[in-house]
Amino acid sequence: MLTPRRFIPAIQPQSGEDEGWVILYHRQSFALYDGRILLEPDTARFLGDADVTLFLGYLDGKPCQLIRLREHVELPGLSWQGLRGMIGQVDDDTFRLLGLAQQLEAWHDTHRYCGRCGTGLQPRAGERAMECPACGLRQYPKLSPCIIVLISHEDQVLLARAPHFQQGFYSTLAGFIEPGESAEECLHREVQEEVGLQVDRLEYLGSQNWPFPNSLMLGFHARYKSGDIVPQPGEIEDARWWPVDALPRIPPRGTISRWLIDCHLARLRGQEQPPMPA
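The structure contained in this document is the topic of the report that follows. Counting restarts for each chain: residues are numbered from 1 in the order of the written sequence. Owing to the predicted nature of the model, reporting of local features is limited to residues with pLDDT of at least 70; listing and counting of side-chain atom pairs is limited to 80 or more, with chain, interface and lining totals taken over all residues. No hydrogens and no water enter the side-chain calculation; it runs on all heavy atoms of the structure.

1. Structural notes on the nonpolar core
Move 1: As used in this record, nonpolar core signifies buried Ala, Val, Leu, Ile, Met, Phe, Trp, Tyr and Cys residues forming a set joined through side-chain atoms within 4.5 Å. Think of it in three bands: with a 1.4 Å probe and only protein chains considered, a residue is buried below 20% of the maximum accessible area for its type, exposed above 50%, and partly exposed in between. One finds Ile23, Phe30, Leu56, Leu66, Met86 and Leu159 to be the most contacted residues of the largest nonpolar core, which totals 46 residues.
Move 2: Formed by 20 residues, the second largest nonpolar core is a distinct cluster that contains Val191, Val195, Leu218 and Ile236.

If you want it as structure tokens, here you go:
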């Protein structure tokens, strides 16, 4: 698979440029042709007819676009892969590019009509926006801010699993910020709701854009203050304290949840903090 070296988001290509790279997409899955996600235009046209075309930006100086195929295609050498299945299987730059592509496709697909007057929306020139020609309402790609937190207590960390997780897999707590909340207020509320604990010493470490579906994850460390673990019914299947030298299956590298764990472990060992994922 071709590894991108540098990606620069852009709204539209400059005139007179070569077609560059194409990413094929259909029903929340990306096409891999002979193991390649980044395809040349002639190859992409051979694999199916375009339903929607979205310009993404410049990859290694060449224009890069997402093409959503009109129909699902099955051909020798062609396979389909969902983005979740690529976590830990592709490099951070490729995952970030595909995450952007998936988010823009979902936004485009769900903003075809004006929510105020019902008129069909049109792309706005010079901006990543859809605009209503009748009432002028503009719709921009939406991000949903979330908190994600690793809670520590002495030589243990709190990890939990949701009902849909794979067997034996645990991760950090996370939740969406509600209207009127600060990130810190959301963190306290989510921890209380999901596991019944009180925490203090909140420390913000960094953020990651997460395309499931369109989240901006704000990463924190926090320290246990009080309370007994009470998993939230329907949301948390299990939550417990894990010794740092006996952790269960945890998220792969490249995810902010794994980065929060690795940062905590590095501090305990007196090591340098690992670089933040893209």
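Moving on, there is more to tell.
2. A short note on the sheet that holds strand β1 (residues 7–9)
Move 1: By definition, two strands form a pair when at least two bridges between them are found by DSSP. The way it works is that DSSP assigns letters per residue, a run of H or I at least four long becomes a helix, a run of E at least two long becomes a strand, and they are numbered from the N terminus. Across the sheet, six strands lie side by side as β1-β4-β5-β2-β3-β6; this open sheet has mixed pairing. Each edge of the open sheet is held by one strand with a lone partner, namely β1 and β6 (78–81). Averaged over all pairs of adjacent strands, the angle between their axes in this sheet comes to 40 degrees, without regard to strand direction.
Move 2: Note on definitions: a residue-residue contact is assigned when non-hydrogen atoms from the two residues lie within 4.5 Å. Helix axes use the C-alpha atoms of the stretch in contact, all axes being lines fitted to C-alpha atoms, and the angles between their N-to-C directions lie in the range 0 to 180 degrees. Relative to strand β4 (residues 50–59), helix α2 (residues 92–110) is tilted by about 140 degrees, and along the sheet it contacts β1, β2 (21–26), β3 (29–33), β4 and β5 (62–69).

3. Here we look at the pairing of β4
Move 1: Within β4, seven of the 10 residues are buried, leaving the element largely enclosed by the surrounding structure.
Move 2: Across three bridges, the pairing between β1 and β4 is antiparallel. Looking across to β4, one finds that Phe7 is bridged to Leu59.
Move 3: Examined bridge by bridge, β4 and β5 share eight bridges and lie antiparallel to one another. Residue pairing for β5: Gly57 is matched across the bridge by Cys64.

4. Considering the environment of Val195
Move 1: Residue position: Val195 is located in helix α3 (residues 183–195).
Move 2: Residue Val195 is classed as buried on the basis of its relative accessible area of 0%.
Move 3: Linking Val195 and Asp238, residues 43 residues apart in sequence, is a C-alpha distance of 9.2 Å.
Move 4: Those residues in contact with Val195 that sit more than four places away from it in its chain are Leu158, Leu173, Asp228, Ile229, Val230 and Ala239.

5. Thoughts on α3
Move 1: For α3, with 13 residues, the first-to-last C-alpha span of 18 Å sits near the 18 Å given by 1.5 Å per residue.
Move 2: Inspection of α3 places Ala183, Cys186, Leu187, Arg189, Glu190, Val191, Glu194 and Val195 among the buried residues, and these make up the whole buried set.
Move 3: The elements touched by buried residues of α3 are β10 (144–153), β11 (156–161), β12 (173–176), β13 (198–210), β14 (215–226) and β15 (238–243).
Move 4: In the stretch just after α3, Gly196 is the one whose phi turns positive, near 75 degrees. Under the convention used throughout, the expected extent of a helix is 1.5 Å for every residue step, that is, one less than its residue count.

6. Details of empty space enclosed by the protein
Move 1: Using a grid of 1 Å spacing that covers the protein atoms alone, one calls a set of points a cavity when a 1.4 Å probe fits there but cannot get out, and a pocket when the set is open and has protein on both sides within 12 Å along at least five of seven lines; lining residues are those with an atom within 4 Å of a point. Grid points are joined across faces, edges and corners, and a volume is the space filled by probe spheres set on the points. Per the counting criterion, the structure on display carries one cavity of 30 Å³ or more.
Move 2: What the largest cavity holds in volume is close to 100 Å³.
Move 3: Lining the largest cavity are 13 residues, and of these Asp92, Phe95, Arg253, Gly254 and Thr255 sit closest to its centre.
Move 4: Taken together, the elements giving at least two residues each to the lining of the largest cavity come down to α2 and β13.
Move 5: Here the lining of the largest cavity gets three residues from one element, more than from any other, and that element is α2.
Move 6: Of the residues in the lining of the largest cavity, the class split is five nonpolar, four polar and four charged. For this classification, the nonpolar set comprises Ala, Val, Leu, Ile, Met, Phe, Trp, Tyr, Cys and Pro, the charged set comprises Asp, Glu, Lys and Arg, and every other residue, Gly included, is treated as polar.

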